[in-house]
Amino acid sequence: SSTSRGLGDVYKRQVLVSGLLVWVALSLRADIVQLLHGAQLDPALLKQVEGKLDTLGTALAFSAIFTLCMVSFMVWYFRHLIVRPVDNMTRALEEIASGEGDLSRDLPLLTHDEIRTLASTCNRFLAKQREIISNVQALTVQIAVESARSLKNISDSSDLSLIHISEPTRRR
């Protein structure tokens, strides 16, 4: 779906941005160390500054890895807990709309959030539609039975009328 592709694009961009930031940090570290060597600083102080830059580089690398993990989790979360239930509901509604209008199936209730509320509301709507269709079917059967009874009564009445009409002519 388009949402899944969009989430994949976000993940790819985040990987690129994190990689770019690490590359920039390592390049800046090399430039700073080169400048400090050219400044003829005390070797002990130079070692301290290089140690701090190494610590900063390590923190930045861990930060990039943590960010990638969080973005990976968010992509997984959105795909499995939001996009998947919406896709399931969409497929079920498309089957109802494109097929024979089979209203006997309910939408799956996969999550415990607004998506579940939406699916539950759709299920109540489908149940109401099934009830209306059932009532119409029962009413149709009732009308057919009453029509058959009326037809039989009319037929019986016309037979009786014919018998009564033909009796006076026999008596003469």
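Every chain begins its residue count from 1, and numbering advances along the sequence as written. The model is predicted, so local features are restricted to residues of pLDDT at least 70 and side-chain atom pairs to those at 80 or more, both for listing and for counting; the totals for chains, interfaces and linings are taken over all residues. Values shown for side chains rest on all heavy atoms present in the structure; no hydrogens or waters enter the calculation.

## Let's talk about the nonpolar core
So, step 1. Listed in full, the six residues of the largest apolar core are Met89, Ala92, Leu107, Ile115, Ala119 and Cys122.
So, step 2. For this core, the elements supplying multiple residues, two or more each, are α2 (43–98) and α3 (114–171).
So, step 3. Per-element tally for this core: the top contributor is α3, with three residues.
So, step 4. Those residues in contact with alanine 119, other than ones at most four positions away along the chain, are Met89, Leu107, Pro108 and Leu109. By nonpolar core we mean a set of buried residues, namely Ala, Val, Leu, Ile, Met, Phe, Trp, Tyr and Cys, connected to one another through side-chain atoms within 4.5 Å. Buried, partly exposed and exposed residues are distinguished by accessible area as a fraction of the type maximum, computed with a 1.4 Å probe on protein chains only: under 20%, between the cut-offs, and over 50%, respectively. Helix and strand labels come from DSSP, where a helix needs a run of H or I of at least four residues and a strand needs a run of E of at least two; each type is numbered from the N terminus. Between two residues, a contact is recorded if the distance between any of their heavy atoms is within 4.5 Å.

## Considerations on the pattern of salt bridges
A side chain of one charge can pair with a side chain of the opposite charge if their charged atoms are brought near each other.
So, step 1. Within this document, salt bridges are pairs made up of a side-chain nitrogen of Lys or Arg and a carboxyl oxygen of Asp or Glu, the two lying within 4 Å of each other. A full pass over the atoms with the stated rule returns four salt bridges.
So, step 2. Measuring nitrogen to oxygen at the nearest pair gives 2.6 Å for the salt bridge that ties arginine 29 to aspartate 54. Taken together, the residues span a long stretch of sequence, with arginine 29 in helix α1 (residues 2–38) and aspartate 54 in helix α2 at a distance of 25 residues.
So, step 3. Judged by relative accessible area, aspartate 54 falls into the partly exposed class, the value being 37%.
So, step 4. Note that glutamate 146 is salt-bridged to arginine 149, the shortest N-O span being 3.0 Å. Residue glutamate 146 and its partner arginine 149 are located together in helix α3, separated by three residues, close to a single helical turn.

## Some thoughts on a nonpolar patch on the surface
So, step 1. Residues Phe66, Met70, Phe73, Met74, Trp76, Tyr77 and Phe78 make up a contiguous nonpolar surface patch of roughly 690 Å² in combined accessible area.
So, step 2. Tracing the backbone shows phenylalanine 78 in helix α2.
So, step 3. Given the relative accessible area of 32%, phenylalanine 78 is considered partly exposed. In this analysis, a patch consists of residues with relative accessible area above 30% that form no salt bridge, clustered at 9 Å for like charges and at 5 Å for the nonpolar side chains Val, Leu, Ile, Met, Phe, Trp and Tyr. Per-residue and other accessible areas were derived by the Shrake-Rupley procedure at a 1.4 Å probe size, with only the shown protein chains allowed to occlude residues.

## Describing the environment of arginine 84
So, step 1. If you trace the backbone, arginine 84 turns up in helix α2.
So, step 2. Distance from arginine 84 to leucine 110, taken between C-alpha atoms, is 9.2 Å for residues 26 residues apart in sequence.
So, step 3. Other than its neighbours up to four places away in sequence, arginine 84 contacts Arg79 and Leu110.
So, step 4. One polar contact links the side chain of arginine 84 to the main-chain carbonyl oxygen of histidine 80, over a distance of 2.9 Å. Each polar contact in these results corresponds to two N or O atoms within 3.5 Å; when the atoms are within protein, one needs to be able to donate a hydrogen and the other to accept it, and residues that are neighboring in sequence are counted only if both atoms are side-chain atoms.

## Quick notes on the packing of aromatic side chains
So, step 1. Whether two aromatic rings pair depends on their centres lying within 6.5 Å, for rings of Phe, Tyr and Trp, where Trp uses its six-membered ring; planes under 30 degrees apart make the pair stacked, over 60 edge-to-face, and the rest tilted. Within the structure shown, the criterion is met by three aromatic pairs.
So, step 2. Ring centres 5.8 Å apart and planes at 35° place the aromatic pair phenylalanine 73 and tryptophan 76 in the tilted group. Of this pair, phenylalanine 73 and tryptophan 76 both sit in helix α2, three residues apart, which is roughly one turn of the helix.

Any functional reading would require information that these geometric values do not contain.
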